[in-house]
Amino acid sequence: MKKMIKKIALLLAICVASLSVLSACGTGGTTSGETSSGQEAADGSVSAETENWEPAAPEIAGLTLTEQMQTDYTEQFAVYKYEDGYAVFDIREEGQFLLVPDGQDIPADLPAGMTVLQQPKHIYLAATALMSLFTSMNGMDVVSMTSLEEDEWTFDAAQEAMESGAVKYAGKYREPDYEMLVSEGCDLAIESTMIYHVPEVQEQIENLGIPVLIDRSSYESNPLGRAEWIRLYGVLSGHEEEADAFFAEQEKLIEGLEDFENTELTVAFFYISADGKAVVRASTDYVPMMIEMAGGRYAFADVINDSGRSSIPMSMETFYNIAENADIIIYNSSIDNSVKTLQDLENKDPVIASLKAVQEGNCWSSGNSIYQRPDIAGSMIMDFHNLLTGNIDQLQYLSKLE
């Protein structure tokens, strides 16, 4: 499976390189800077960067390096372990974070720019997609606050944690309740890259003596790369064994797909924005990779965006020209959950009814949790696979539009 994933990633990279010229000529992409209102905020994803990143274990006076965590999919973090329970998280573009376990001293003369994290017990989790990772490894004992209210969650574990009072709403990432962070003893704020838009918020949190760790899992182009962040947070929270075990289960789910011959069925994954544009995922995004890993072909494989964003809006005319003969349609209900039936979909735009997949009844909804649930990467790939192979009675997260 690991070999297959690397092969797919290489093919996608070659595809992007060869299509960059075509993109500028209007072959289905959009002009640089054309974005969908609210899309980045909704799923927090952007295309993975292309520059090389070569992390290295830092030398810290008084600490002895014991091992580097062996990872298979992530391109955004590295973890180094030292004697006596110390660890360093090296996060791409964000720098290095030293985890100091309970009962241990902060080493003197740390490398410049290194942030100290004393074993956190009261985390403000503003990177909401991570909630599913913490629940999956039984790590909710260190999460005290979050930036979504109870009714905004799409899965039971998060809602139940808030209903019980174990996790409290502490304001949106862009306007947190600073008084609550202090009164609840917040010792770490984990933010998504959306915090880049309000740097003054990060500065204010840090001025309160609360370290900020910015999660970059949304930059992973590989779906299992997103899920692999559970291993970093396993070390951070003291639930490393549970995290590793859970991630291994997700890997195991798709082991049987390594030698599966692609069905060559094309899949159009999209939603219609409020301004009437079809919004698809760039070919380098993790959703198209899920479809390829599952045994399908992404209908918008030739669509890239030189702005670097993974969400690409296009006119309905352009969308139709590409998706007209797609075998399967999957409506992205994580962003727009107004489509409950096939009629709802057709009401979005008259051109929808003319699509082959609509006429043949091969229209599905992704459900509303694909972006809040990086923990189900393997399960979602298997859902795509079961859909492509006709095993629709085994679907967990995809539902048919009738």
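Predicted model, so just to flag it, every value in this text is computed and none were measured. (Residues numbered from 1 in each chain as written. Predicted model: local features only at pLDDT ≥ 70, side-chain atom pairs only at ≥ 80, totals over all residues. Heavy atoms only, no water.)

Peer 1: Would you take a moment to explain the overall build of the protein chain for this structure?
Peer 2: Of the regular secondary structure elements, the protein chain holds 14 helices and 17 strands. Considering the protein chain as a whole, with its 402 residues, one finds that 55% of them fall into the buried category. Of the contacts made within the protein chain by residues no fewer than 6 positions apart, 64% connect residues no fewer than 24 positions apart. Here the protein chain displays about 17100 Å² of accessible surface, and carbon together with sulfur accounts for 45% of that area. (Helix = DSSP H or I, 4+ residues; strand = E, 2+ residues; numbered from the N terminus. Buried < 20%, exposed > 50% of the residue type's maximum accessible area, 1.4 Å probe, protein only. Contact = heavy atoms within 4.5 Å. Areas by Shrake-Rupley, 256 points an atom, 1.4 Å probe, with all protein chains shown as cover.)

Peer 1: What should I look at first to understand the sheet that holds strand β7 (residues 143-146) in this one?
Peer 2: Neighbouring strands of a sheet are bound in pairs by backbone hydrogen bonds; such pairs are parallel or else antiparallel. Pairing is parallel across the open sheet formed by 5 strands, whose spatial order is β8-β7-β6-β9-β10. In the strand order of this sheet, the two ends are held by β8 (168-169) and β10 (212-214), each with one partner. Relative to the sheet, helix α6 (residues 199-207) contacts β9 (188-191) and β10, its axis offset from that of β10 by approximately 145°. (Pairing = 2+ DSSP bridges. Axes fitted to C-alpha atoms, helices over the stretch in contact; angles between N-to-C directions.)

Peer 1: Is there a simple way to explain the packing of aromatic side chains in this structure?
Peer 2: Aromatic ring pairs are described here by two measures, namely the spacing of the ring centres and the angle between the planes. Within this structure, the stated rule accounts for 9 aromatic pairs. Centre to centre, the rings of Y73 and F247 are 5.9 Å apart; their planes meet at 65°, and the pair counts as edge-to-face. With Y73 in the loop between β1 (65-68) and β2 (77-82) and F247 in helix α9 (residues 240-253), the pair connects residues that are 174 residues apart, well separated along the chain. The exposure class of F247 is buried, given its relative accessible area of 3%. Arranged with centres 5.9 Å apart and planes meeting at 80°, the rings of W153 and F155 form a pair that is edge-to-face. Taken individually, W153 and F155 each receive the classification buried, so the pair is uniform in this respect. (Phe/Tyr/Trp six-rings, centres within 6.5 Å; stacked < 30°, edge-to-face > 60°.)

Peer 1: Before we go on, may I ask you to explain the side chain of H239 in this structure?
Peer 2: As for its placement among the helices and strands, H239 is situated in the loop between α8 (229-237) and α9. According to the relative accessible area criterion, H239 is buried, its value standing at 11%. A distance of 2.9 Å separates a polar atom in the side chain of H239 from a polar atom in the side chain of D141. Here E242 takes part through its side chain, which lies 3.1 Å from a polar atom of the side chain of H239. H239 has contacts with M137, N138, G139, D141 and G234, leaving out every residue within four places of it along the chain. (Polar contact = N/O pair within 3.5 Å; in protein donor to acceptor, adjacent residues only side chain to side chain.)

Peer 1: Explain the pattern of salt bridges to me, please; I cannot follow it from the model alone.
Peer 2: Close approach of charged atoms allows side chains of opposite charge to pair. With the rule as written, the count across this model stands at 13 salt bridges. The partner of K81 in a salt bridge is E240, and the shortest N-O contact between them spans 2.2 Å. Of the two residues, K81 sits in strand β2 while E240 sits in helix α9, which places them 159 residues apart along the sequence. It is possible to trace a salt-bridge network through shared partners that takes in E67, K81 and E240. (Salt bridge = Lys/Arg side-chain N within 4 Å of Asp/Glu carboxyl O.)

Peer 1: Mind showing me how you'd approach the packing of helix α10 (residues 286-294) against helix α14 (residues 377-388) here?
Peer 2: Where α10 meets α14, the closest approach of the two axes is 8 Å, and the angle between their N-to-C directions is 55°. By the criterion of interaxial angle, the relationship of α10 to α14 is oblique. Between α10 and α14 the crossing geometry is right-handed. Between α10 and α14, the contacting residues are M290, I291, M293 and A294 on the first element and A377, M380, I381, F384, H385 and L388 on the second. Partitioned by chemical class, the residues of the contact of α10 with α14 number 9 nonpolar, 1 polar and no charged. (Parallel < 35°, antiparallel > 145°, perpendicular 65-115°, else oblique. Left-handed = near helix turned anticlockwise from the far one by under 90°. Nonpolar A, V, L, I, M, F, W, Y, C, P; charged D, E, K, R; others polar.)

Peer 1: It is not clear to me how the sheet that holds strand β3 (residues 87-91) should be interpreted in this structure. Could you clarify?
Peer 2: With mixed pairing, the 5 strands of this open sheet are ordered in space as β1-β2-β3-β4-β5. The sheet terminates laterally at β1 and β5 (115-118), the two strands that pair on one side only. Pairs of neighbouring strands in the sheet enclose a mean axial angle of 25°, with direction left out of account. The pairing of strand β4 (residues 95-100) with β5 spans 4 bridges and is parallel. In the sheet register, L98 faces β5, and the bridge partner there is V116. Sheet strands in contact with α8 are β2, β3, β4 and β5, and its direction is about 145° off that of β3.

Peer 1: What's the story with the pairing of strand β12 (residues 278-281) in this structure? I'm lost.
Peer 2: Regular strands show a simple pattern: their side chains alternate between the two faces of the sheet. Side chains A278 and V280 of β12 all project onto a buried face; the interleaved residues V279 and R281 project onto the opposite face, where all are buried too. Here 4 bridges tie β12 to strand β14 (residues 311-314), and the two strands are oriented antiparallel to one another. Pairing of R281 across the sheet is with S311, part of β14.

Peer 1: Would you take a moment to explain empty space enclosed by the protein for this structure?
Peer 2: Over the atoms, a rolled probe matching the size of one water molecule traces out where space is still vacant. Tallying each qualifying case throughout the model produces 2 cavities of 30 Å³ or more. Quantified by volume, the largest cavity comes out at close to 50 Å³. In this structure, the largest cavity is lined by R226, Y286, M290, I370, R373, P374, I376, A377 and M380. Taken together, the elements giving at least two residues each to the lining of the largest cavity come down to α10 and α14. Residue composition of the lining of the largest cavity, by class: 7 nonpolar, no polar and 2 charged. (1 Å grid on protein atoms, 1.4 Å probe; cavity = no way out; pocket = protein on both sides within 12 Å on 5 of 7 lines; lining within 4 Å. Points joined across faces, edges and corners; volume = space filled by probe spheres on them.)

Peer 1: It is not clear to me how α8 should be interpreted in this structure. Could you clarify?
Peer 2: Within an α-helix, residues lying three or four positions from one another point in the same direction, as the helix has 3.6 residues per turn. For α8, the buried fraction is high: 9 of the 9 residues fall into the buried class. All of the buried residues along α8 are W229, I230, R231, L232, Y233, G234, V235, L236 and S237. Once α8 ends, the next one or two residues include G238, with phi positive near 85°.

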